[in-house]
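Each chain is listed here by its residues.
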Amino acid sequence: MTPPLDQTVDGEARFHVEEEHEHSGGSTMLGFWIYLMSDCLIFAVLFACYGVLGRNYAAGPSGADLFDLPLVALNTSMLLASSITCGFAMLEMERNRKGATLAWLVVTALFGVAFVGLELFEFTHLVVEGAGPWRSAFLSSFFTLVGTHGLHVTVGIVWMITMMVQVAQHGLIPDNKRRLMCLSLFWHFLDVIWIGVFTFVYLMGTLP
């Protein structure tokens, strides 16, 4: 293919060759994996802090006195279900089914909203009962760890809504697929972290 003529100087044709640079998603995915690893370090520190402070009740209530395991189990099921529906959305994305992808993203976001809503209900109930984060080192570390996870889920919901708008407007273009893949990794990561919270904080916290 002949490159386009740029200009002619002194009777000699000079050509300008335009180089096309295709945007690669490899750097994006690598950068996102690095971000997830940094988030792992943050949660590792929070888990470590809870491990050190989780038995310092300051003559106040313990996890066995405060935790409502049926409510927490219900909340856990919401997040686990959202992880499944997020997987369905990614499968539909691979099939280039825009409508089905959006539908599963909506269901995933609703499960996420239900999870955050139940978590806020739990926090409100604890504060009303006088078991706020200022009550003891145990409650400070509990609110920090669980609250940080809840904040991540809230950010994930906002990101998911943003992606639904992007897909609705521009379809399943390569850029949107790459962003949805990053969103899916983030959402599943939060699911794994919550399993650790449920086991380490709630289940072990109710043991004598």
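The text that follows walks through the structure, step by step, so that each part is easy to find.

With that settled, the discussion passes to helix 6 (residues 174-205). Here helix 6 spans 45 Å end to end across 32 residues, near enough to the 46 Å set by a 1.5 Å rise per residue. The sharpest bend along helix 6 reaches about 25° and sits at Phe198.

The N-to-C vectors of helix 3 (residues 69-94) and helix 6 enclose an angle of 160°; their axes lie 10 Å apart at closest approach. The orientation of helix 3 with respect to helix 6, classified from their angle, is roughly antiparallel. Where helix 3 crosses over helix 6, the handedness of that crossing is left-handed. Of the residues belonging to the contact of helix 3 with helix 6, the class tally is 17 nonpolar, six polar and three charged.

What the rule picks out here adds up to 20 aromatic pairs. Taking the centre distance of 4.7 Å and the plane angle of 45° together, the rings of Phe123 and Phe143 count as tilted. Remark: Phe143 occurs in helix 5 (residues 137-170) and Phe123 occurs in helix 4 (residues 98-128); sequence separation between them is 20 residues. Exposure remark for Phe123: the relative accessible area of 14% places this residue in the buried category. For the ring pair Phe142 and Phe143, a centre distance of 5.5 Å and an interplane angle of 85° mean the geometry is edge-to-face. Phe143 shares its class with Phe142; the two are buried. A connected cluster of aromatic rings, assembled from ring pairs, spans Phe47, Tyr50, Tyr57, Phe67, Phe115, Phe123, Phe138, Phe142, Phe143, Trp194, Phe200 and Tyr202.

This brings us to the packing of helix 1 (residues 26-53) against helix 5. The contact between helix 1 and helix 5 brings their axes to 7 Å, and the two run at 160°. In terms of orientation, helix 1 lies roughly antiparallel with respect to helix 5. Considering only the axes of helix 1 and helix 5, their crossing is left-handed. Contacts between helix 1 and helix 5 involve Phe32, Tyr35, Asp39, Phe43, Leu46, Phe47, Cys49, Tyr50 and Leu53 from the former and Ala137, Phe138, Ser141, Phe142, Thr144, Leu145, Thr148, His149, His152 and Trp159 from the latter.

As a further point, take the pattern of salt bridges. Going through the model one piece at a time under the given rule, you end up with three salt bridges. Between Glu92 and Arg97 there is a salt bridge whose closest N-O contact spans 3.4 Å. Overall, Glu92 belongs to the buried group, its relative accessible area being 12%. With a shortest N-O distance of 2.6 Å, Arg178 and Asp175 are connected by a salt bridge. In this pair, Arg178 and Asp175 both sit in helix 6, three residues apart, roughly one turn of the helix. Residue Arg178 is classed as buried on the basis of its relative accessible area of 15%. Look at the salt bridges and you will find they share partners, linking Glu92, Arg95 and Arg97 into a network.

Calculation notes
Residues numbered from 1 in each chain as written. Predicted model: local features only at pLDDT ≥ 70, side-chain atom pairs only at ≥ 80, totals over all residues. Heavy atoms only, no water. Helix = DSSP H or I, 4+ residues; strand = E, 2+ residues; numbered from the N terminus. Expected span 1.5 Å × (residues − 1). Bend = angle between axes of the 7 residues up to and from the residue. Axes fitted to C-alpha atoms, helices over the stretch in contact; angles between N-to-C directions. Parallel < 35°, antiparallel > 145°, perpendicular 65-115°, else oblique. Left-handed = near helix turned anticlockwise from the far one by under 90°. Nonpolar A, V, L, I, M, F, W, Y, C, P; charged D, E, K, R; others polar. Phe/Tyr/Trp six-rings, centres within 6.5 Å; stacked < 30°, edge-to-face > 60°. Buried < 20%, exposed > 50% of the residue type's maximum accessible area, 1.4 Å probe, protein only. Contact = heavy atoms within 4.5 Å. Salt bridge = Lys/Arg side-chain N within 4 Å of Asp/Glu carboxyl O.

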